[in-house]
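Spelled out from the first residue to the last, the chains are:
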Amino acid sequence: MGPLVLLHLAAAAVVFAAGRHLGRRGLFAVALVAPVATVAWAVTQVGAVLDGATPAERTGWVPSIDVALSFRLDGFALLMALVVAGMGTLVLAWSVAYFGADQPIDRLVRFAGGFVAFAGAMLGLVLADDVWTLFVFWEATSITSFVLIGLDHDQPSARAAAQRALLITAAGGLALMGGLVLISQAAGTTSLAGLAADPPGGTVVTAGLVLVLVGAATKSAQVPFQVWLPGAMAAPTPVSAFLHSATMVKAGVIVVGRFAPVFADLGWWRPVVVGVGALTMVAGGIGALRQHDAKLLLAHGTVSQLGFMVVAFGIGHPDVTAAAVALLVGHALFKAALFLTVGIVDHATGTRDIRRLGGVGRALPGVAALAAIAAGSMAGLPPALGFVAKEAVLDTLLHEDDPWALVAVVAVALGSILTVAYTARLWWGLFGAGPATERAEVHHRPGPVLVLPVALLTGLTLLGGLFAGPLGDRLAVAGEALDPHAHGHLVLWAGVTAPLAISIGIVVAGAVLHLVLRRVGGVPAARVSGEHVFQRGFDGLLDGARRVTAVVQNGSLPAYLAVVWLVVVAGGVGALATGARIGDVGTVVADNALQVAVVAVTIGMTIGVAVARRRFSSVLLLGGVGYGTAVLFMLHGAPDLALTQLLVETMSLVVFLLVLRQLPEGYAAPPEWAPRTVRIGIAVAAGLAVAGLAAVAGTTRSEAPVADEYLARSEPEAGGRNVVNVVLVDFRGIDTLGEITVLAVAAIGVANLVRAARRDLAPDEDEDPLDAPLDDGPSAAASDDPTVAGDRSVIFDVVGRGLFPVLLLVSIYVALRGHNAPGGGFAGGLIAGGAFLMRFLAAGTPRLARARPLPTSALVGTGLLVAAGTGAASLAAGQDFLESTIWKLHPPLLGEVKLVTSTVFDVGVYLLVLGVVLSVLTHLGAGPGLRPVRGGAR
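Reading the values: rules and limits
Residues numbered from 1 in each chain as written. Predicted model: local features only at pLDDT ≥ 70, side-chain atom pairs only at ≥ 80, totals over all residues. Heavy atoms only, no water. Salt bridge = Lys/Arg side-chain N within 4 Å of Asp/Glu carboxyl O. Helix = DSSP H or I, 4+ residues; strand = E, 2+ residues; numbered from the N terminus. Buried < 20%, exposed > 50% of the residue type's maximum accessible area, 1.4 Å probe, protein only. Axes fitted to C-alpha atoms, helices over the stretch in contact; angles between N-to-C directions. Parallel < 35°, antiparallel > 145°, perpendicular 65-115°, else oblique. Contact = heavy atoms within 4.5 Å. Nonpolar A, V, L, I, M, F, W, Y, C, P; charged D, E, K, R; others polar. Phe/Tyr/Trp six-rings, centres within 6.5 Å; stacked < 30°, edge-to-face > 60°. Lys NZ or Arg CZ within 6 Å of the ring centre and 35° of its normal.

Moving on, we get to the pattern of salt bridges. Tallying each qualifying case throughout the model produces 14 salt bridges. Note that R258 is salt-bridged to D74, the shortest N-O span being 2.8 Å. In this pair, R258 is assigned in helix 10 (residues 248-263) and D74 in the loop between strand 2 (67-72) and helix 2 (75-98), connecting sequence segments 184 residues apart. Where R355 meets D353, a salt bridge forms, and the shortest distance between an N and an O atom there is 3.0 Å. The class for D353 is buried, based on a relative accessible area of 18%. In this structure, a network of salt bridges that share partners links the residues R72, D74 and R258.

Quick look at the structure:
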């Protein structure tokens, strides 16, 4: 199961990376590989799952806290995998014909890559058997849907719709995460199967369930969070068809379906779920009756149908749950068919406005007939599967001895009346013979690739209704996976029963409502839409944030520092006041006289930083403080820290000096609110507070230090004698991966900030933000600023050329030796950056651009990919993420040679750090007003 999810991600990566070269058909062929393979695999599992097998996979992620990527294929997961992959295959195949040859290849690449990534995220979600696996893929669907909804990013409406969808669903994701944390902590397990087998209870669990329902409501567009879903129609029709029938909007329904059988007996659960679902059914139905755009009509109809499914799954009665499974399948079939039908009509006429499409049925009779079948299923007309599923839900609800089941019946009846009315409005508006203003003409008939998927979906809808009994027997396994007591059955004709009478009344009332609305001109448009309310609220939030920011972020650096240090002081005083005590600090002041001398010099330079009047002097003294700290590290036996501190301080000093070229020589006068006494008071208080906190942290340990365990495990488990490096690349490798990711993001931020400050240069729009080398310009040779490499020194240039390859070799040596001696990828990357720094200082940015092996963005990206790929390779080999593997080779003459996979991780760190250094030099190294280099320096 995990490999299938990875296959989707790999296919998406290939499409994004090479889609331009593959061409239209090639990129769609690559994108189709993953869903087709998933369908084939799922079909092979049907027999085993029907016989009761539940294959499971678990890959450790963070074993110390029992976090793993877990997948489980029970009956419901298999059904949803078939729905997701099957619909994905059909819609992608349909898209080949829908997107004409005139479509820009870049747009097709974004669509196909985003589509298959979206499908992979949804596949991971439906197969998840761990709350964290569920959450990871839940968030992945939000991100990938954001990309797809905003596919036409040059359209303001598409950007706004994508933003709205992401904000609402991401906020719901945060609520879901909080709920899952509370529930899993109370249960003592993160397994969904474990939660179902032994559900926890208590107030904490109740709070967690409320948060889970909020998350489900945002994803499945329940009131009041339904405002994002209609706007998602800004996406192309294939995206709408897939999103509304099989993927994202079903995510919340799936979560409700998993949790309802376990927790529905809580007193508040059924009133909340049934009430929200009922309101959503009615609100969605009324919204659909207001629409003239066929896609928007279907979108609001989806909101209504989602309310129906939330009621059916959420009420938590076993037989209703079994019927709800059939409802979910029926909805997937008819909703996909109708969206694709609207796409066909739009493709053939150039419009989706039902006020202009009257009479299209005469030109497209086959499409109209297929649409009538799918629409009949949505309206609950026999013999389609939609009718059978709705009858099953009504029948099971009527047999439950529960007042909320009766409320649910009333809600379903009201919502279904509206469904019949808007379904008739949709079909008649698309294909009816009524009058139409500015009647649209069919420019060309749809080809078989556009029609066949619709025919297949409507055929399955009909077959599902005609063979309801056998289908119900197969779907029973999915229902039992949610609730072991779910034993519902499906029938096309059960005689004259109460559900049939209710269905007849629904159809008659819906038809009358449709005719009445046609006569009076339809439901008037709402004065205030949900989208409008959301946008006003969002704009108000941004405006309020700007007002608050203007006060608390007024641009005064002294004010910022004062606030930060006063909070530190308050924290230290508060900790000491509430019981924190300084332990025995001992009486050793220093180990030798050299330490005293270094500390004295460092203190002197620290005071010099505070009293210096020129920025240049302050920076040099600050660098001296850093070098003094590095010497102290060395004297205390920490060569790794000393080496890293020395290199970082050197690079920081250069960056400071590059920035100082743009600043005044002296400092501005201090603000009136901060006279000397106030500044000295804050500084002294902060220093004492930090010293006190350090003393508390270092002298009140109650447990054995973790360093003892690291020392014992370093060489046997990770193959390294340098414990510091082993901790960074092995034991705490995930932390290091996160840190270098932040470093890469920071490099991009610096590059964009610098380029934003030089907007008058009008750089190329396709310029890589990390890789825009800037020329020193003709005036650089005459510069008086020694930091710009002006007045170039021939001696320095020649010496730099000679040392450049030597320093690069040293950097590689330091990077590779870090597992057993001081060094590592970070230190090696800084040394390599120092080599390029010499080339920059000797000859300026053009020489730097010619000397670098790759563009800076390529170095940063490759380094991050290598580091993350090391962890992925460990997972693929069945190990924990970033777990080291040790090989011992015995080549002739060399003796034993030990290879450790964490060295590859260090290589990734090396490349990324080098790329970051080059990016900083490239962007901060050019003087103001200088122009981008073209040609060779590129």
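Moving on, we get to the packing of helix 9 (residues 237-245) against helix 10. Closest axis-to-axis distance for the helix 9/helix 10 pair is 5 Å, and the angle between their directions is 5 degrees. In terms of orientation, helix 9 lies roughly parallel with respect to helix 10. On the side of helix 9, the interface is formed by L243, H244 and S245, while helix 10 contributes M248, V249 and K250. Partitioning the contact of helix 9 with helix 10 into residue classes produces 3 nonpolar, 2 polar and 1 charged.

The next subject is the packing of aromatic side chains. If you walk through the whole model with that rule in mind, you get 16 aromatic pairs. Here F118 and F242 contribute two aromatic rings whose centre-to-centre distance is 5.9 Å and whose plane-to-plane angle is 85 degrees, an arrangement assigned as edge-to-face. Taken as a pair, F118 in helix 3 (residues 105-127) and F242 in helix 9 lie far apart in primary sequence, 124 residues in all. The two residues F118 and F242 agree in class, both being buried. Relative to F431, the ring of W427 has its centre 5.7 Å away and its plane inclined at 45 degrees; by these criteria the two rings are tilted. Pair noted here: W427 and F431 are both in helix 17 (residues 403-431), with a separation of 4 residues, about one helical turn. The exposure class assigned to W427 is partly exposed, which follows from its relative accessible area of 26%. Residue classification places F431 among the buried residues on the basis of a relative accessible area of 5%. Each residue in the set F28, W94, Y98, F99, F111, F115, F118 and F242 is aromatic and connected to the rest through ring pairs, giving one cluster. Across the ring face of F731, the terminal group of R713 is positioned such that the distance to the ring centre comes to 4.8 Å.

Cis rather than trans, the peptide bond between V223 and P224 has omega equal to 5 degrees. On the secondary structure map, P224 appears in the loop between helix 7 (203-219) and helix 8 (228-231). The step from P382 to P383 runs through a cis peptide bond, and the omega angle for that step is 5 degrees. In this fold, P383 is placed in the loop between helix 15 (365-379) and helix 16 (385-398). Of note, A221 is a non-glycine position whose phi angle comes to about 55 degrees, a positive value. Along the polypeptide, A221 turns up in the loop between helix 7 and helix 8. What makes A221 buried here is its relative accessible area of 0%.

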